[in-house]
Amino acid sequence: MNLIVDKKLKTPVYLQIVSQIKRKIISGDLASGYALPSERNLADKLGIHRNTVVRAYTELKADGLITSYQGVGYRVQYRTQEDQKQKKSVNWPSQIKEEYLKLESAFDDLFIKAQTESKISFAAGMAAGEVYGQDEVADCLAKIMASGNRPSYFYTPYQGDLELRREIAAFMRTKGVLTNPGQIQIFSENNQALDFLVTLLLLPGDKIFTEESTSPDVYRAIELAGGEIVPVPMDEEGMICDCLEPLIELHRPRFIYINCSYHNPTGIVLSMERRKKLLELSYQYRIPIVEEDEASELYFEGNKMPSLKSMDPGENVIYMYSFSLTLVPGVGVSFMIAPKEVVKSLSNLVSVRLVTLDWTPQHLACQYLKDGTFAEKLEDFRQIYKRKRDLMCACLDQAKESVGLSYEKPKGGVYLWVKLPANLDVALLTKEAERMGVSFIPGGIFFPGKAPEGNYIRLNYSYPTEEQIKKGMELLIQSMQKIQKNSGSQPSML
């Protein structure tokens, strides 16, 4: 069955496939019972995404021209005239925008599976559950409800609770940033904040610079908004800024997105020299910088590095901070600091998409910031995360020679970026570890082009307990050794 598609035509590719197969069936070139190629085989042959073939086959099924059998595949099948009179169901895949059908879901699948199936999760980037006790949170909520000084508990302004924004402005002064409530927009999480921002700023085809690697939440939001990712290489000092100027001249990016402190997934901290260089380029070329900074308070050793926002003499840096790693697990509050014009437009966009922002997380965060609890608990988080990091690193150190892995011990944050030997299949390791009740995130997910220079996995140590880390790391290392043994390969030090 010879099919030809032309991606330059305005006619969608799936409709080109539908038209050609329909013509062959009606003309008799494809007889009833003829077995069509599998979705994957046809996609590979035509050089298109598998979902495009699924969409075409679904359309042909809806027209009564083909049918499918589980375990067999698709076959041509003519319907009788009586059958044609039957009601036809909506072809939902054809109704969904193609970019959403193609949306990479591997990261979400692993994250959900880690919370619902795995006994021990090294996948989730969440706060430790042992810092804020349930009774403590309940008491705080009771005080908020009993205060009676708020006109409404269940609705907040589209920009976010004013008292919370005042407390955030005070918190940011401790980080060297002078701002006011009018420059702050509240969100539930940083990925929501970024989604609103790219909706506001991006035009189709706009280029965005990010570090390579970066969170899937970042590159998916940008791509869905029509932007194109330009990954910038990293080394042990973060994004390599020496190579930026020629890239800027070539691509003229809409903005530069960067995670400066305890980068997700590598744990790297951008050096002071490169922070200065990045700001210098921002002002030279009038390019905004979007700085994600949620792990900056989780420093264990060395000096606390100032944020780009605190070094910004004007308003070139849009700043995002989330409490997801330093507050009650699952209580989502984040904020964005931006010029008032940007915040006003973001607030208008929130009013279109949301009835209201969640009041409970905002009031909790506000109370904890106001009474000093947040600052006290930050020190608890730092001590707990440091112990967990050291424990996980000790487990990895014991397995360095037997497995052939390597890593750089981060000075803060919540992630370990582990490089495995090239002969250790990460896909097999993921399945084996899941079978043992342990989850993690494969490193390839953090590369928009899915082509990392190395064999990596990301391990989170903030969420599991110390006992879970001990047991989980033992099981994970056993899984690594088992795969290497079954493959007959010898570990090699990197």
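Just so we're clear, the structure is a prediction, and the values are computed from it rather than from any experiment. (Residues numbered from 1 in each chain as written. Predicted model: local features only at pLDDT ≥ 70, side-chain atom pairs only at ≥ 80, totals over all residues. Heavy atoms only, no water.)

Q: Sorry, what's going on with the packing of helix H10 (residues 190–201) against helix H15 (residues 340–353) here?
A: Two measures define how a pair of helices packs: the angle their axes make with one another and the distance between the axes. The contact between H10 and H15 brings their axes to 10 Å, and the two run at 110 degrees. The angle between H10 and H15 places the two elements in the roughly perpendicular class. Mapping the contact onto sequence places Asp195, Phe196, Leu197, Thr199 and Leu200 in H10 and Val342, Ser345, Leu346, Leu349, Val350 and Arg353 in H15. Here the residues of the contact of H10 with H15 sort into seven nonpolar, two polar and two charged. (Axes fitted to C-alpha atoms, helices over the stretch in contact; angles between N-to-C directions. Helix = DSSP H or I, 4+ residues; strand = E, 2+ residues; numbered from the N terminus. Parallel < 35°, antiparallel > 145°, perpendicular 65-115°, else oblique. Contact = heavy atoms within 4.5 Å. Nonpolar A, V, L, I, M, F, W, Y, C, P; charged D, E, K, R; others polar.)

Q: Would you mind going over the sheet that holds strand E7 (residues 238–239) with me for this structure?
A: Strand pairing in a sheet relies on backbone hydrogen bonds, with the paired strands running either antiparallel or parallel. Spatially, E4-E11-E10-E9-E8-E5-E6-E7 is the arrangement adopted by the eight strands of the open sheet, whose pairing is mixed. Sheet topology places strand E4 (184–187) and E7 at the edges, where each strand pairs with a single neighbour. As paired elements, strand E5 (residues 207–212) and strand E6 (residues 228–235) share six bridges and run parallel to each other. Its bridge partner being in E6, phenylalanine 209 is matched across the sheet by valine 230. Strands E4, strand E10 (317–322) and strand E11 (334–337) of the sheet are contacted by helix H9 (residues 162–173), whose axis makes an angle of about 110 degrees with E4. Docked against the sheet, helix H12 (residues 244–251) engages E5, E6 and E7, running at close to 155 degrees with respect to E5. (Pairing = 2+ DSSP bridges.)

Q: Help me understand the nonpolar core, please; the structure alone is not making it clear to me.
A: For soluble globular proteins, the rule of thumb is that nonpolar side chains tend to be buried together. Of all hydrophobic cores here, the largest spans 105 residues; its most connected members are Phe122, Phe335, Phe374, Tyr385, Leu459 and Leu476. With near-sequence residues (within four places) excluded, phenylalanine 335 lies in contact with Ile168, Met172, Ile184, Gln185, Ile186, Asn190, Tyr319, Met320, Tyr321 and Phe323. One finds Ile21, Leu36, Leu46 and Ala56 within the second-largest nonpolar core, a separate group that totals 22 residues. (Core = buried A, V, L, I, M, F, W, Y, C linked by side-chain atoms within 4.5 Å. Buried < 20%, exposed > 50% of the residue type's maximum accessible area, 1.4 Å probe, protein only.)

Q: Looking at this model, I keep getting lost on the pattern of salt bridges. Mind explaining?
A: For side chains bearing opposite charge, pairing can occur when the charged atoms are close. For the structure shown, the criterion picks out 26 salt bridges. Across the pair aspartate 293 and lysine 175 runs a salt bridge, and its minimum N-O distance is 3.7 Å. With aspartate 293 in the loop between strand E9 (289–292) and helix H14 (308–311) and lysine 175 in the loop between H9 and E4, this pair connects stretches of sequence that are 118 residues apart. Exposure remark for aspartate 293: the relative accessible area of 1% places this residue in the buried category. Residue classification places lysine 175 among the buried positions, given a relative accessible area of 10%. (Salt bridge = Lys/Arg side-chain N within 4 Å of Asp/Glu carboxyl O.)

Q: Got a minute to help me understand the packing of H9 against helix H16 (residues 359–370) in this structure?
A: Their axes nearest at 9 Å, the elements H9 and H16 cross at an angle of 45 degrees. Judged by the inter-axis angle, H9 sits oblique to H16. For the pair H9 and H16, the sense of crossing is left-handed. For the pair formed by H9 and H16, the contact residues are Glu163, Leu164, Glu167, Ile168 and Phe171 on the first element and Gln362, Ala365, Cys366, Leu369 and Lys370 on the second. In the contact of H9 with H16, the residues fall into six nonpolar, one polar and three charged. (Left-handed = near helix turned anticlockwise from the far one by under 90°.)

Q: Sorry if this is basic, but what is going on with the sheet that holds strand E13 (residues 415–420) here?
A: Taken in spatial order, the four strands make up an open sheet running E12-E13-E16-E15, and their pairing is antiparallel. The outermost strands of the open sheet, each flanked by one partner alone, are strand E12 (406–407) and strand E15 (441–442). Pairing of E15 with strand E16 (residues 455–460) involves two bridges; the strand directions are antiparallel. Residue isoleucine 441 lies in a different strand from E16, and its bridge partner there is arginine 458.

Q: Before we go on, may I ask you to explain the pairing of strand E1 (residues 66–69) in this structure?
A: Side chains on a regular strand alternate between the two faces of the sheet. Relative to strand E2 (residues 73–76), E1 runs antiparallel, the two being bridged by four bridges. When the sheet's bridge partners are listed, threonine 67 is paired in E2 with arginine 75. Hairpin connection, E1 to E2: the antiparallel pair is bridged by three residues, and glycine 71 has positive phi, about 85 degrees.

Q: What exactly am I supposed to notice about the packing of aromatic side chains here?
A: What characterises a pair of aromatic rings is the spacing of the ring centres plus the angle enclosed by the ring planes. Evaluation of the coordinates by the stated rule reveals 16 aromatic pairs. On the basis of an interplanar angle of 40 degrees and a centroid distance of 5.4 Å, the ring pair of phenylalanine 187 and phenylalanine 196 is categorised as tilted. Using a relative accessible area of 2% as the deciding quantity, one classes phenylalanine 187 as buried. Within the aromatic cluster, the residues linked to one another by ring pairs are Phe171, Tyr319, Tyr321, Phe323, Phe335 and Phe374. One Lys or Arg, arginine 55, reaches over the ring of tyrosine 14 and ends 4.5 Å from the middle of that ring. The lysine or arginine in question, arginine 353, covers the ring of phenylalanine 196, its NZ or CZ lying 5.0 Å from the ring centre. (Phe/Tyr/Trp six-rings, centres within 6.5 Å; stacked < 30°, edge-to-face > 60°. Lys NZ or Arg CZ within 6 Å of the ring centre and 35° of its normal.)

Q: Looking at this structure, I do not really get the side chain of glutamate 39. What am I missing?
A: With respect to the helices and strands, glutamate 39 occurs in helix H2 (residues 39–46). The class of glutamate 39 is buried, set by a relative accessible area of 14%. A polar side-chain atom of glutamate 39 sits 2.8 Å from a polar atom in the side chain of arginine 50. Within polar-contact distance, the side chain of glutamate 39 engages the side chain of tyrosine 74 at 2.5 Å. With sequence-adjacent residues up to four places away left out, glutamate 39 is seen in contact with Arg50, Val53, Val54, Tyr57 and Tyr74. (Polar contact = N/O pair within 3.5 Å; in protein donor to acceptor, adjacent residues only side chain to side chain.)

Q: Any chance you could explain the side chain of asparagine 259 here in plain terms?
A: Turning to its location among the elements, asparagine 259 is positioned in strand E8 (residues 255–259). Side-chain polar atoms of asparagine 259 contact the backbone nitrogen of asparagine 264, separated by 2.8 Å. Those residues within four positions of asparagine 259 in sequence are excluded, and the remaining contacts are Glu211, Asn264 and Glu292.

Q: Would you mind showing me how to read the confidence of the model for the chain here?
A: Low-confidence regions, as indicated by low pLDDT, have predicted coordinates that should not be scrutinised in detail. Per-residue confidence for the chain averages 88 on the pLDDT scale, and 90% of its residues sit at or above 70. Between the elements of the chain, mean pLDDT differs from a low of 49, seen in helix H4 (residues 81–84), to a high of 98, seen in E9. (pLDDT = per-residue confidence, 0-100.)

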